[in-house]
Amino acid sequence: MTIAEKAMPRSHRSTLIKKAGLSAAFSIALLIPGLSGLQAKVEEPAVYQPVSPTIDQARANILIARQLQFTHFRDLGISDELSSDVFDAYLNYLDSQRVYLTQQDIDALSNVRNRLGSALKTGQLQPGFDIYNLVQQRIIERLKFARDIVENDISELDFSTTEKIRVDRSDSQWEADKAALDKLWIKRIKNAVLAQRLSGNDDDTIKETLLRRYEGQLKRAYQARSEDAFQAYMNAFTGMWDPHTSYFSPRTSENFNINMSLSLEGIGAVLQSDNEYTKVVRLVPGGPASKQGQLQPADRIVSVAQEGEEPVNVIGWRLDEVVDLIRGPRNSTVSLEVIPANASDETVTRSIAINRDEVKLEEQSASKDLIRLDRHGATYNIGVITIPTFYADFQAMQAGDPDYKSTTRDVRKLINELKQDGVDGVVIDLRNNGGGALHEANDLVGLFIDKGPTVQIRNANNNVQVLNDEDPTVVYDGPLVVLVNRMSASASEIFAGAIQDYGRGLVVGSQTFGKGTVQAVRPLNHGQLKITQSKFYRVSGGSTQHKGVIPDIEIPSRIDKTRIGEDALDHALPWDQIEAVPHTRYFDFSGIIEELRSRHADRFETSPEFSLLQKEIDFLNQQRQIDYVSLNLKERTAQHNQVENTRLTIANARRELRGDEPFDTLEDLEKWQDEQAENLDTTDEELDFVIREGGHIMADLLDLDQRMASILTPTRFAAKTEAP
């Protein structure tokens, strides 16, 4: 008898044998009107109550279909081909790792693959709800199976075989049938048990943890609502146009509006559903999570624990419910168990405790620093302005407060202070700046140029609006370097792109996110639709969409470009270009850029900080390329120890660079990291060498061509760049 059979009650095993022949018929019955009664016969009503669409949802579906076809930036009709894509996207959302459905289920559903489109045009939601109900039932079956295995005795699991399990199954084939899926789930359970044992947990603790996880997911599956099915189905549909177009249910709309006004305390993180997980999209600058420093974009939340309470598993939970758990009274603590973005597989988790607080505008404000570089007998004073987000106090502005805060106003003050310090150049740090107020990006460009266009905005009707800086005042006329990374998005890309197009400064870092679209939120009879209506274009004519801004001098980053960025998203709008608009080009760097890159490369060749960064990037890339993990205890332990030793080696090398004593064990490192996270006044100097490198590039610029010292000398202006 197999482990799977031993885990089942005897009556259940015989029932399964009798009902095996009903499996395919049951799947088809979900899709054929008039046969829904079969569902009640196969499953006990107390186990799962199927959800059904409402009239309000059908009406909302019709409105969504019309708006997508006639007002979205992308010209896309509803066809049989689109129907097939919606079918695949919907199944991917409901079962992304292909661990609940079998190929038999997919075959039974195939007759609706090309019929969803016509149904979505007319508000016929039943096919989508039938698919949802089938998946929910399969989820319940799988979770019961897993629970029975764990309850039976995990000590009977064999970890001496040569078995292995695929880490990411999103591109795998569906398992042929239930028997094949049973084998896969036994592997999944073994993988979870192994991960817990390697973390030092005994079998009793592991059993308790896994049972709590499966019971929590089961409870959530039983509580499925009609709105859950509708929102999942609509987002599979809207996602065909682009990844930023989405449907908000009435409850999600409420949370969206709350988040926009920042009216409740939380952790300061933007979250989104990522199949059965809740994923961190970005951290709000100045927020508790950003200051705490451990939570990162692309981390996936497994459980949430209130202070002094047991953690609640949130896999499979609705986004709004996870948000409700994370929110709470100010100065209280919430602990998140997350799968780190760089984890080798989903069984690797860490716990992060964050003190709740509100996000204050002043903590998002621009700030300045002054660094001093001694080079070949010469001293350079470099001003550094860090801009976490593009902000403006709209309430104070509307109230007529003459001292209202905004990015441009604050940066103007900081520049004037740096000029009094006699800086030789300025570095603008936009790393991790996810954007914000568009008009602030426009105004900020104006501080560094005479006057002229800053960005073009094209709508679905091909009408182009050009935003301009009309103020001829130049607040700072000296050399400029703009630092960016993969998390620099939207308004940050508009600013960096304009500085690059004007030849006003050099962009340094890594390719930016590529978010070059504009969304509007439109009310429906039931919920809201966030829809992409416009696209950003640089003054040179190229879009920031998909491609982002390519730096003049590149510095590698730890961030995984295959998982984070517009070009990593399905159905993202493509890069394209329109006509350029006339604009001044102050400097032409083409004659010196190769020398600048060469000097930069020489410095990094001998830089211990860069060498360490490259080692860490190489290590992370190795982890990301792991396709399978072993289920053999000895092999897995050796792999685990190797990874942990590498982490400790890299951490100790960094400490030695800072003159600190190395850690003896990984436990010492993790304890120190927790202590640092609790002390929000500590600053992370880990990447300061990137800012210093920006200063060195600026000094190289002045060494090679003193004409770069100012744009205000009349002979320094280049000719206007005319539109072709």
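Structure first, text after, so check above.
Structure report, in brief. Keep in mind it's a predicted model, so treat the numbers as computed, not measured.

In this section: the pattern of salt bridges. Following the criterion strictly, the structure yields 37 salt bridges and no others. A salt bridge links Glu-321 to Arg-318, with the shortest nitrogen-to-oxygen separation between them at 2.5 Å. Glu-321 gets classed as buried once you look at its relative accessible area, which sits at 18%. Here Arg-318 falls in the buried class, since its relative accessible area comes to 12%. For Arg-375, the salt bridge is made with Asp-700, and the minimal N-O distance between the two is 2.7 Å.

This structure, assessed with the given rule, holds eleven aromatic pairs. Between the aromatic rings of Phe-604 and Phe-689, the centroid separation amounts to 5.9 Å while the plane-to-plane angle is 50°, which identifies the pairing as tilted. One end of the pair, Phe-604, is in helix α20 (residues 593–605); the other, Phe-689, is in helix α24 (residues 688–704), with 85 residues separating them in the sequence. Residue classification places Phe-604 among the buried residues on the basis of a relative accessible area of 6%. Joined through ring pairs, the aromatic side chains of Phe-448, Tyr-476 and Phe-495 make up one cluster. When the ring centre of Phe-145 is taken as origin, the NZ or CZ atom of Arg-142, which lies over that ring, is 5.0 Å away. Across the ring face of Tyr-628, the terminal group of Lys-164 is positioned such that the distance to the ring centre comes to 4.7 Å.

For the rest of this paragraph, the subject is the packing of helix α17 (residues 407–420) against helix α18 (residues 438–446). Taken N-terminus to C-terminus, the directions of α17 and α18 make an angle of 25°; their axes are 8 Å apart at the nearest point. When the axes of α17 and α18 are compared, the pair comes out roughly parallel. Read as a crossing pair, α17 and α18 show a hand that is right-handed. Residues Thr-407, Thr-408 and Val-411 of α17 lie in contact with α18, whose contacting residues are Glu-440, Asp-443 and Leu-444. Its residues assigned to classes, the contact of α17 with α18 shows two nonpolar, two polar and two charged.

A few words now on the sheet that holds strand β15 (residues 506–509). Pairing in this open sheet of six strands is mixed, and the strands run β9-β10-β11-β14-β15-β18 from one edge to the other. Two strands lie at the open edges of the sheet, namely β9 (367–375) and β18 (553–554), each paired on one side alone. Here β9 pairs with strand β10 (residues 378–386) via nine bridges, running antiparallel. Bridge pairing in β10 links Arg-372 to Asn-381. Strands in contact with α24 are β9, β10, β11 (425–429), β14 (480–484), β15 and β18; relative to β9, the strand with the most contacts, it is inclined by about 60°.

Next up on the list: the pairing of strand β4 (residues 277–283). For β4, the buried fraction is high: five of the seven residues fall into the buried class. Two strands pair when backbone bridges link them, and strand β3 (residues 269–274) and β4 are joined in this way by six bridges, in the antiparallel orientation. Looking at the pairing, Gln-272 lines up with Lys-279 of β4. Between β3 and β4, which follow one another and run antiparallel, lie two residues, and Asn-275 among them has a positive phi close to 60°.

Parameters and conventions
Residues numbered from 1 in each chain as written. Predicted model: local features only at pLDDT ≥ 70, side-chain atom pairs only at ≥ 80, totals over all residues. Heavy atoms only, no water. Salt bridge = Lys/Arg side-chain N within 4 Å of Asp/Glu carboxyl O. Buried < 20%, exposed > 50% of the residue type's maximum accessible area, 1.4 Å probe, protein only. Phe/Tyr/Trp six-rings, centres within 6.5 Å; stacked < 30°, edge-to-face > 60°. Helix = DSSP H or I, 4+ residues; strand = E, 2+ residues; numbered from the N terminus. Lys NZ or Arg CZ within 6 Å of the ring centre and 35° of its normal. Axes fitted to C-alpha atoms, helices over the stretch in contact; angles between N-to-C directions. Parallel < 35°, antiparallel > 145°, perpendicular 65-115°, else oblique. Left-handed = near helix turned anticlockwise from the far one by under 90°. Contact = heavy atoms within 4.5 Å. Nonpolar A, V, L, I, M, F, W, Y, C, P; charged D, E, K, R; others polar. Pairing = 2+ DSSP bridges.

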